[in-house]
Amino acid sequence: MPRFSVAEASLWGCQFVQFLQDTGREQTTLRETLRTIYNQEFRGRTEARTPNFSCMLFALRTTHQVQVRGDLVKFKVKRHVVVADQYRRARSNAQTSVAASASGQQLSSTPQMAELIRGKHGVEITSDYDQGNGNIRFPVVPGEPQTVAVLVQNRGTEVVTLQRFQAQQQARELSFTDEQGAVQGRSLLLHPGGMYPIQARCLTTCNGHFSAVVSFEFTKEPDVSFSISRYVAAVAESQLAKDLGPSAPFQPYEASLQHHVTVITEDGIPPDSSLKNELEREIPLGTYQYPKSLKNTILLGPNTSASSSWAAMRSLLEAPLQAENYYQKFQLLLHLEEIQMEVDIRRYDMQDVTMVQERALLVLDVPGVAENRPSLLRGDHLFAHLSSERDHSPLVRYKGYVHSVELDRVRLGFSSKLQKKFVKNLKFDVTFTFSRLPLQVQHRAVVLAVRPGLSSLLFPSASCHKSLFSGPFQPRWFNRKLETNEEQCKAVTHIVTGVSRPAPYLIFGPPGTGKTVTMVEAIKQVWTCFKDAHILACAPSNSAADLLCQCIIKDIAPQNVYRLIASSRSYREVPTDIRPCCNWDDEQSSYVYPSKKRLSHYRIIITTLVTAGRLVSANFAPGFFSHVFIDECGHAVEPESIVAIAGEQCPRTTPTGGSCAAGAPRGLSGLVGSHRISLGTGTSLLERLMLHNPLYQKSSGGYDPRFITKLLWNYRSHEAILRIPNELFYDNELKVCRSNGLDIRNLFCTWEELPKKGFPIIFHGVCGEDQREAKSPSFFNTAEIEVLVHYLRKLLQSRGRGSCPSVSPKEIGIISPYRKQVEKIRKAITCLDPDLQELPDISQLKVGSVEEFQGQERPVILISTVRSCSTYIQFDQTFRLGFLKNPKRLNVAITRAKALLIVVGNPTVLSKDHHWLRFLRYCKEQGGYTGYPFEEEGTAEDRLANDLQALQLRV
Ligand SMILES: Nc1ncnc2c1ncn2[C@@H]1O[C@H](COP(=O)(O)OP(=O)(O)OP(=O)(O)O)[C@@H](O)[C@H]1O
């Protein structure tokens, strides 16, 4: 059995406590129950060696983190019923005043961390480069060795022995030395007043962040052992990286503000609803609240008095979806999603924050709002009360309506009473709410879906086998490129002739295979062939719906097309080319919802799936919409897609018509999923039909083209760019369509910056740092931005000279998964870099998240992965962020590039994911790898150091 030091074992203990909290069992106190959980569940989650239960418990006792009385074990943690939480911190007044370190986490905000870093028995670890909270951080210049001393001081009155010095997860650029061999394992006596230096030395060839977690283990007579840890980092960075650094130390949000006092709510002032709303509301939208007993069942868990309701819930969730349980199953899932959302929203609560008065509104900084954390749209509301009154009962809370959202700020309309009371620096506690509208719309859709007639659409078993044309369909193609692709032509023909009716027609395939252009062609053909057809074209997101609109109005005059946008969307975000056909009234400066009569003049209406709910409320005559098309259907969960087809407007009674869905089951999945309650079904309608309905399944003769078309020819990307997505996600079925003439996909193959000519991918390794600033939960990495800017300058300044083809900002896209990185990259290119900011069209260079690039393409794509600390990988998984643990995002990001792909990231961290590892190996084998060396390695030591970092022993 390997030996564990107290520090190591107590780290495992802390993780176990976290595990108990995450799984809602922090109240378990019976030693034997805990032992079973530890042995059977906790230890099985890691391949790393772990101490046995008694050893772990002993360590927690020694470090005063647990009380053990007989068979009862009581961990010293705050209790709360919540899933994993990125903000929650145990709260005390002392902690609030702890100065945050230069960047990153506020380290001593967890009791476990404070315990690990604090001096003990008179022994202190110090350095001239102390940043507080256990962090030592010193600057270094590439090519110049730099050495700093870390001092071990015995300020006590008794002799102590330094038994062991350990440096874990150490960057190879950073090393430790000392005169008497403590670093090599020799023990060392430290007399009272004694001081012993250990030298940290860094030599690097490139900019980056080189760090190690070090621990000093001591003993003291008669039998005391203790340890002290530090996070040591050497940082080499350019002026640009410094300028982009944290604007203020990171401060996590405060813990939730739940009061058990009587509350009086003062209503606020909603945004001016100058929305001209003439659209009828004939089908009411219910509230669809979840029953309180459901929440109790979840809180009580499976082995309690609620066990029978728990079992009933599980059996419904585990039952296959059928027409008979359709409504019940989705209703339950939507309720569970809402309960999860209620838990999630609490983590955004704020305490002691100030607002600024701007005319009749108060402006509140809400870091993270741009990343939808929390999600706030115009018209939503939150609550604020005076911090000084937080313990009053009754408590007066003010409802504030969101009038607008600007990056990290929201403008709020509160009651005039609060406005009058308001003075500068008045402190508020703020609690957030979420809009229930999307949930309500989906609830109603699943209710409507069970009405007779629709099951032949949702659970189709056959088609009418009758074409809507008496003769053959001989189209005049709008997009003549399609003529060269038999599958695309057949799909359009089958959709327009309606042979799958009543079954929906599915188009699926990997990225860039022409799903959207095929659907758009079908829409245009339906519009041409059936003069009485009314088409509803939907997509899950505004950007995908905009794209549909852009493609349609290339051939159909905008006056025939109506892009119905929700009033919560800022008009500034609407692309200028679709503005002529959207529901914005310039004169009134507001959106308009026209009456059914007026809407019926448009034969093509384009909305997001949720906004299609507004058309459901209007109650169009049965069969009004003869055709429903859903693009990116693989990215919406089923109840969301149902909104478009389950209303009165569904095409079930029309003699023409049909519905069509396109998507890539391996694209991004929808967000509703309740997966954190592990009951999970985030499946889309497209995926369900493909996986479970015989009409759409592959037989020995392939797919039945009357119901489904699989597109496999990729027209978008250079072969080298497609290779890994094809191998990882598409079983190498994807085929690269070659072109005879000048092919844009080969444009960059001779670019001099390529590590290997002919291979238009660069993987530039960077050993950077995940940073956060102020109260924003989002991450950024300045070392990666330096590298991105280097390549952008090369691309944009060449102006077609030398081997670099002429490329303009609008032909380049930069994808990063974190909002803060997106913001910093924009700042770097539009405000900080002297050359890039001068370019007249630099604002057309799109920087955005993967979701914002869904369905889009650019000749050049740069990706910044940000993650440089593997600790956060689990965090990302929990909060559905980042690239790691999310292969769908990796797939979507890579496949946006046509001719050149540049990925900037930390190879050591990325290689922990097997998809990324494959991509890294590929780039290395093909000669496309450059930058910080990528060496495959991985030791148990690494894992332990990761675990230390998991306790946030780092800046
Ligand atoms: N038959 C074709 N001939 C030539 N180019 C084509 C053809 N079909 C599609 N393309 C081109 O391929 C690119 C990708 O098409 P499209 O955006 O429709 O793909 P997609 O499958 O919807 O992609 P994604 O899954 O990423 O949304 C576009 O530039 C489109 O013009």
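Residues numbered from 1 in each chain as written. Predicted model: local features only at pLDDT ≥ 70, side-chain atom pairs only at ≥ 80, totals over all residues. Heavy atoms only, no water.

*Asks:* When you look at the site of the ligand in this model, what are you seeing that I'm missing?
*Replies:* Looking at the ligand, there are 18 residues lining it, with Q488, K515, T516, E857 and R896 nearest. Interatomic distance of 2.5 Å between a side-chain N/O atom of E857 and an oxygen atom of the ligand. About the coverage of the ligand: the protein hides 88% of its 640 Å² of free accessible area. Residue contributions to the shell around the ligand peak at three residues, all from helix α14 (residues 515–529). For the shell around the ligand, a count of residues per class yields five nonpolar, seven polar and six charged. Split by domain, the shell around the ligand shows at least three residues from each of two domains, domain 2 (438–711) and domain 3 (719–950). (Near = heavy atom within 4 Å. Polar contact = N/O pair within 3.5 Å; in protein donor to acceptor, adjacent residues only side chain to side chain. Areas by Shrake-Rupley, 256 points an atom, 1.4 Å probe, with all protein chains shown as cover. Helix = DSSP H or I, 4+ residues; strand = E, 2+ residues; numbered from the N terminus. Nonpolar A, V, L, I, M, F, W, Y, C, P; charged D, E, K, R; others polar. Domains from an automatic or database assignment.)

*Asks:* What exactly am I supposed to notice about the packing of helix α7 (residues 292–300) against helix α9 (residues 326–346) here?
*Replies:* Helices that pack against each other are described as a pair by the angle of their axes relative to one another and the distance between those axes. In the contact formed by α7 and α9, the axes pass within 11 Å of each other and the chain directions differ by 65 degrees. When the axes of α7 and α9 are compared, the pair comes out roughly perpendicular. Considering the relative orientation of α7 and α9, their crossing is right-handed. Of the residues in α9, those in contact with L294, K295 and I298 of α7 are L332, H335, L336, I339 and E342. For the contact of α7 with α9, the per-class residue count stands at five nonpolar, one polar and two charged. (Axes fitted to C-alpha atoms, helices over the stretch in contact; angles between N-to-C directions. Parallel < 35°, antiparallel > 145°, perpendicular 65-115°, else oblique. Left-handed = near helix turned anticlockwise from the far one by under 90°. Contact = heavy atoms within 4.5 Å.)

*Asks:* Please clarify how the packing of helix α2 (residues 31–42) against helix α3 (residues 53–62) should be interpreted in this entry.
*Replies:* Look at α2 against α3: their axes get within 10 Å of each other, and the N-to-C directions meet at 115 degrees. The pairing of α2 with α3 is recorded here as roughly perpendicular in orientation. Seen along the crossing, α2 lies across α3 with a hand that is right-handed. Residues R31, L34, R35, Y38 and N39 of α2 touch α3, and the partners they reach there are F53, S54, M56 and L57. Partitioned by chemical class, the residues of the contact of α2 with α3 number five nonpolar, two polar and two charged.

*Asks:* Just checking my understanding: could you explain the nonpolar core for this structure?
*Replies:* Nonpolar side chains tend to gather and get buried jointly when the protein is soluble and globular. Counting residues in hydrophobic clusters, the biggest one holds 60 residues, and the most contacted among them are I605 and L615. Considering each element in turn, this core owes the most residues, seven residues, to α9. Discounting chain neighbours no more than four positions away, the residues touching L615 are L279, L536, L564, L599, I605, T607, F620 and F625. Counting 41 residues, the second largest nonpolar core, distinct from the first, contains I523, L548, C549 and I552. (Core = buried A, V, L, I, M, F, W, Y, C linked by side-chain atoms within 4.5 Å. Buried < 20%, exposed > 50% of the residue type's maximum accessible area, 1.4 Å probe, protein only.)

*Asks:* I would appreciate a short explanation of the environment of A319 in the present structure.
*Replies:* Within the element layout of this structure, A319 appears in the loop between α8 (307–318) and α9. In contact with A319, not counting residues within four places along its chain, are N325 and K329.

*Asks:* What is the right way to read the pattern of salt bridges from this model?
*Replies:* Close approach of charged atoms allows side chains of opposite charge to pair. Within this structure, the stated rule accounts for 39 salt bridges. For R480, the salt bridge goes to E483, with nearest N and O atoms at 2.7 Å. The partner of D743 in a salt bridge is R745, with the nearest N and O atoms 2.8 Å apart. In this structure R745 comes out as buried when scored by relative accessible area, which is 6%. What emerges from the salt-bridge pattern is a single network uniting D546, R563, R569 and E573. (Salt bridge = Lys/Arg side-chain N within 4 Å of Asp/Glu carboxyl O.)

*Asks:* Would you explain helix α22 (residues 819–832) in this entry?
*Replies:* The terminal C-alpha atoms of α22, which comprises 14 residues, lie 18 Å apart, in line with the 20 Å expected from a rise of 1.5 Å per residue. Residues R819, K820, Q821, V822, K824, I825, A828 and I829 constitute the buried set of α22. Contact partners of the buried residues in α22: α6 (239–244), α21 (782–797), β34 (812–815), β35 (846–848) and β36 (858–864). (Expected span 1.5 Å × (residues − 1).)

*Asks:* I'm lost on unusual backbone geometry in this one. Help?
*Replies:* Negative phi values dominate among residues other than glycine, just as trans dominates among peptide bonds. Across the junction of E221 and P222, the peptide omega takes the value 0 degrees, indicating a cis bond. Positionally, P222 belongs in the loop between β11 (208–220) and β12 (224–236). At the junction of R501 and P502, the peptide bond is cis and its omega measures out at 0 degrees in the coordinates. Secondary-structure assignment places P502 in the loop between α13 (486–497) and β22 (505–508). Despite not being glycine, N425 shows a phi value in the positive range, around 70 degrees. In this structure, N425 sits in the loop between α10 (416–421) and β21 (428–432). Its identity is not glycine, yet S589 carries a phi of approximately 50 degrees, on the positive side.

*Asks:* Looking at this structure, I do not really get the sheet that holds strand β37 (residues 897–905). What am I missing?
*Replies:* Adjacent strands of a sheet form backbone hydrogen bonds with each other and so pair up, either parallel or antiparallel. Spatially, the six strands line up as an open sheet ordered β35-β34-β36-β37-β33-β38, and their pairing is parallel. In this open sheet, the two strands that pair with only one neighbour each are β35 and β38 (929–931). Within this sheet the neighbouring strands show an average axis-to-axis angle of 20 degrees, counted without direction. As paired strands, strand β33 (residues 761–765) and β38 are joined by three bridges and run parallel to one another. Directly across from G765, in β38, lies its bridge partner G931. This element, helix α20 (residues 719–729), spans β33 and β37 of the sheet and lies at about 65 degrees to β37. In this fold helix α26 (residues 914–925) packs onto β33, β37 and β38, with an angle of close to 110 degrees to the strand it touches most, β33. (Pairing = 2+ DSSP bridges.)

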